[in-house]
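Structural overview
What follows is the residue order along each chain.
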Amino acid sequence: MSVTNNAMIIRRDLLTRIVKLLENDQLEERIDRIPLEIRPRYNAPVRCCVHKDRAVLKYKLMAILGFNIQDETDELTPLSTYARMAIERKEHSDMFLTVVDEACSSCRQTSYEVSNLCRGCVARPCINNCPKDAMVFIDGKAHINHKLCVNCGKCLKMCPFHAIVYMPVPCEEVCPVNAISKNDRGVEEINPEKCINCGKCIVACPFGAVMEKSNLVDIFKAKKEGRSLIALMAPAIAGQFGAEIGRIINSFRHLGFEHVYEVAQGAEQTILNEAEEWREKMSEGAHVMTSSCCPSYTSWVEKHSPDLKPFVSHTHTPLYYTAQMVRERHPEACLVFISPCTAKRHEVYHNPLVDYTLSFEEYGSWLVARGIDLKSLDDTGTEYVPAALARGFAAAGGVAAAVKTLAPEMKDMVINGLDKSNIRLLKSFAKSSDANFVEVMSCENGCIGGCNVISNPKVAARQLKEAMKNAPSIDKVFEEQH
């Protein structure tokens, strides 16, 4: 998975600029200038012209302000008006992903093309094996008649020179549930009835056309109103930013958060409840139980595979248990979950205990806007150190490994990423399974591979292991608690 490309750099630049304006209370006053500052009139445009570049930036900024692109009713409405509307907004919708139609215009639906590697061979296996007579030779080179082509791929397999290439639409290719497709204008649209908020399309789109709505304005509004900000950090943050947990916690205090909690603390409760529930289900005759920590997976079951619902654990996520504890301590505070993915936005939206979501990307942009260097901060921020295996929830296999410590007789399996192959495997579990506990993570590598991470998953895995080394064993934690 790519965590650095130009589309991401642009998105993070926009986030940083918005945070700076929010910090200086200049959002409504200066936001209209951002597209002009990034794309000056006489600089070479990225697209056809500077005006289209600026239009794309405008719509991306709309998403950062917390709007869907479909919310636009008048193209002449300036960003300053949307900024004012965002500040006055009382509620959000539960559509978290939005497509910037101005940026989504370059992916063709055609899947196969003949490249200049075609040698015009005498054998011509592409013609002889095409079931629809879609291959023709013009001036000694093969061409595909796309009106006849059915995208079967036989020409690609048969060409001895590998001259035929498969050209997918990247966002459609990675979507495990076919929730994104082109409308009659050739622009991708996301079907909310199918979408499971996995965010794979955000990462896949090479034009940065898929954006997620942000809560940045809402968080700053709560801060300005005097509400106490409390950060709930996802375990995956231990694998990001190249800094120890203590320094990261201290950084949130520099950003104005009064308290910081690791969601791994709630994972300790998830481990206990998951093991107990698994034993209950097995004693009742169930052949398998799956984890329930990933909201993208549970959304998939709800929308696409209801036959699996009886086998999904009823145990709440680590975020739920952490928020429950924190809300009892701070009933009037504004709880902000620091998240690696879009699916958690969905969980937060439907959890009345948590107010808003701040993604890893947004947090990183906030650090840049404030000029905070994590390495310069003290590594003394941690008040409570959760169990190592609770922090390990962030990586694929972490949930299963943790629950198995309390249920060693368990026969576990890990579904490392929701792709079409793993979806077929999961659907078969409704009838039978070789394992009796299945951990399911929508993102490959687990939460450290989420759509909002800023570190390569391999690097993040190493950093996470270091954070786990500096944490107590699960047995020690449970002994101290009981």
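Structure first, text after, so check above.
My aim in this report is to walk through the structure given alongside it, one point at a time. Predicted model only: the values in this text are computed from it and were never measured.

**What about the packing of aromatic side chains?**
When we look at a pair of aromatic rings, we describe it by the centre distance and by the angle of the planes. Going through the model one piece at a time under the given rule, you end up with 11 aromatic pairs. With a centroid separation of 4.7 Å and 35 degrees between ring planes, the pair formed by Phe 220 and Trp 366 is classed as tilted. Here Trp 366 lies in helix α16 (residues 360-370) and Phe 220 lies in helix α10 (residues 216-224), a separation of 146 residues in the sequence. Here Phe 241 and Phe 360 contribute two aromatic rings whose centre-to-centre distance is 6.5 Å and whose plane-to-plane angle is 65 degrees, an arrangement assigned as edge-to-face.

**Digging into the pattern of salt bridges**
A full pass over the atoms with the stated rule returns 26 salt bridges. When the shortest N-O distance is used, the salt bridge between Asp 13 and Arg 17 registers 3.2 Å. Here Asp 13 pairs with Arg 17, and both are found in helix α1 (residues 6-23), just 4 residues apart, close to one helical turn. A relative accessible area of 29% places Asp 13 in the partly exposed class. Residues Glu 28 and Arg 84 are paired through a salt bridge, measuring 3.0 Å at the closest nitrogen-oxygen approach. With Glu 28 in helix α2 (residues 27-30) and Arg 84 in helix α5 (residues 79-88), this residue pair connects regions lying 56 residues apart in the sequence. A relative accessible area of 34% places Arg 84 in the partly exposed class. Here the salt bridges share partners, and the residues they tie into one network are Asp 13, Arg 17, Arg 30 and Glu 37.

**Quick notes on α1**
With 18 residues, α1 extends 26 Å between its outermost C-alpha atoms, agreeing within 8% with the 26 Å of an ideal straight helix rising 1.5 Å per residue. Taken together, the buried positions of α1 are Ala 7, Met 8, Ile 10, Arg 11, Arg 12, Leu 14, Leu 15, Thr 16, Ile 18, Val 19, Leu 21 and Leu 22. Sitting at the head of α1, Asn 5 places a side-chain oxygen 3.0 Å from the backbone nitrogen of Ala 7. Note on α1: the residue one or two positions beyond its end, Asp 25, has a positive phi of about 55 degrees.

Reading the values: the criteria
Residues numbered from 1 in each chain as written. Predicted model: local features only at pLDDT ≥ 70, side-chain atom pairs only at ≥ 80, totals over all residues. Heavy atoms only, no water. Phe/Tyr/Trp six-rings, centres within 6.5 Å; stacked < 30°, edge-to-face > 60°. Helix = DSSP H or I, 4+ residues; strand = E, 2+ residues; numbered from the N terminus. Salt bridge = Lys/Arg side-chain N within 4 Å of Asp/Glu carboxyl O. Buried < 20%, exposed > 50% of the residue type's maximum accessible area, 1.4 Å probe, protein only. Expected span 1.5 Å × (residues − 1). Polar contact = N/O pair within 3.5 Å; in protein donor to acceptor, adjacent residues only side chain to side chain.

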